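Listed below are the residues making up each chain.
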Amino acid sequence: MFYCAFRAVVLVPLLRWLFRPRVEGLGRVPQHGGAIVAGNHQSFTDQFLMGVILRRRISFLAKQEYFTGRGLKGRLAAAFFRGLGAIPVDRSGRAAGQAAVDEGVRVLGRGELLGIFPEGTRSHDGRMYKGKVGVAEMAIRSGVPVVPCAMIGTFEAQPAGRRLPRMVPVTVRFGEPLDFSRYAGMEDQRHILRAVTDEIMYAILKLSEQEYVDMYAVEARAQLAAHGTRLAPVPDRAPGGRTPGDRPAAVPQPAPGEGRHAA
């Protein structure tokens, strides 16, 4: 009830006014049954924009800090995210991460849509970083298709650290669903999880045309902090484009059988 009312009255008009989103490939998102929508994570607004564009309700894994704030502001924030169907994720350890994966599988088992940003955190520089394998475990255990999604322009609109978004046009591009049923029963094999995750990230990368960095985003941030380096200012660029002098980094290689999609 809260989700439908908030979406219709607040989210849809506000985000369409701010971003004037162009949507490509929306028909590739299944209209029935469980599915994972996996996207690149450029901005705080990514999940809200995706929720506005999709015709079906979608739940997201959200960091636990959104649900544990103190005082009236904290309680209101927690109610807001719960109303939107967000699922709290404790990122403090492996056991906590497994609990999030288990909850995601339960959502998919109910035939619902689940939104995931495999990078685990927002990009601090607009580049795409290595994906975490939780998305692969959920896909294999649940047997649902994974729809790659590229958020293009949201970094320019609201990069990490910016409180209010700029009014810039964005594109949300959906790719063909990926079918990983060939890996059924292999969710406990680390190399399989890595291969599936890299295939998903490769599909997102083709849609977004970002520069790829073969390390986790949290590791890149830690390296900057260790060297006492401040985050570089956001360069001028067209949404989804490269700045002059950008050089492609190593890209995730598609797993064996890449290109086989769900019907």
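Coordinates for the structure precede this section.
Residues numbered from 1 in each chain as written. Predicted model: local features only at pLDDT ≥ 70, side-chain atom pairs only at ≥ 80, totals over all residues. Heavy atoms only, no water.

### Focus: the sheet that holds strand E7 (residues 146-152)
Then step 1. Pairing within the open sheet is mixed, and its 7 strands lie in the order E1-E8-E7-E2-E5-E3-E4. Of all strands in the sheet, those with a lone pairing partner are strand E1 (22-24) and strand E4 (87-89), marking the two edges. The mean inter-strand angle of the sheet, taken between neighbouring strand axes irrespective of direction, is 25°.
Then step 2. Strands in contact with helix H7 (residues 190-208) are strand E2 (35-39), E7 and strand E8 (171-174); relative to E7, the strand with the most contacts, it is inclined by about 35°. (Pairing = 2+ DSSP bridges. Helix = DSSP H or I, 4+ residues; strand = E, 2+ residues; numbered from the N terminus. Axes fitted to C-alpha atoms, helices over the stretch in contact; angles between N-to-C directions. Contact = heavy atoms within 4.5 Å.)

### Looking at the environment of Ser-43
Then step 1. Secondary-structure assignment places Ser-43 in the loop between E2 and helix H2 (46-53).
Then step 2. Separated by 78 residues in sequence, Ser-43 and Thr-121 have C-alpha atoms that sit 9.3 Å apart.
Then step 3. Setting aside its immediate chain neighbours within four residues, Ser-43 contacts Arg-122, Thr-154, Phe-155 and Gln-158.
Then step 4. At 2.9 Å, the side chain of Ser-43 forms a polar contact with the side chain of Thr-45. (Polar contact = N/O pair within 3.5 Å; in protein donor to acceptor, adjacent residues only side chain to side chain.)

### Details of the packing of aromatic side chains
Then step 1. Under the criterion given, the structure shown has 2 aromatic pairs.
Then step 2. A ring pair is formed by Phe-60 and Phe-117, whose centres lie 5.9 Å apart and whose planes are at 10°; its orientation type is stacked. Here Phe-117 lies in the loop between strand E5 (113-116) and strand E6 (128-129) and Phe-60 lies in strand E3 (residues 58-63), a separation of 57 residues in the sequence.
Then step 3. For Phe-60, a relative accessible area of 5% translates into the label buried.
Then step 4. In this structure Phe-117 comes out as buried when scored by relative accessible area, which is 11%. (Phe/Tyr/Trp six-rings, centres within 6.5 Å; stacked < 30°, edge-to-face > 60°. Buried < 20%, exposed > 50% of the residue type's maximum accessible area, 1.4 Å probe, protein only.)

### Regarding the side chain of Asp-125
Then step 1. Residue position: Asp-125 is located in the loop between E5 and E6.
Then step 2. In this structure the side chain of Asp-125 is engaged in a polar contact, spanning 2.9 Å, whose partner is the side chain of Arg-127.

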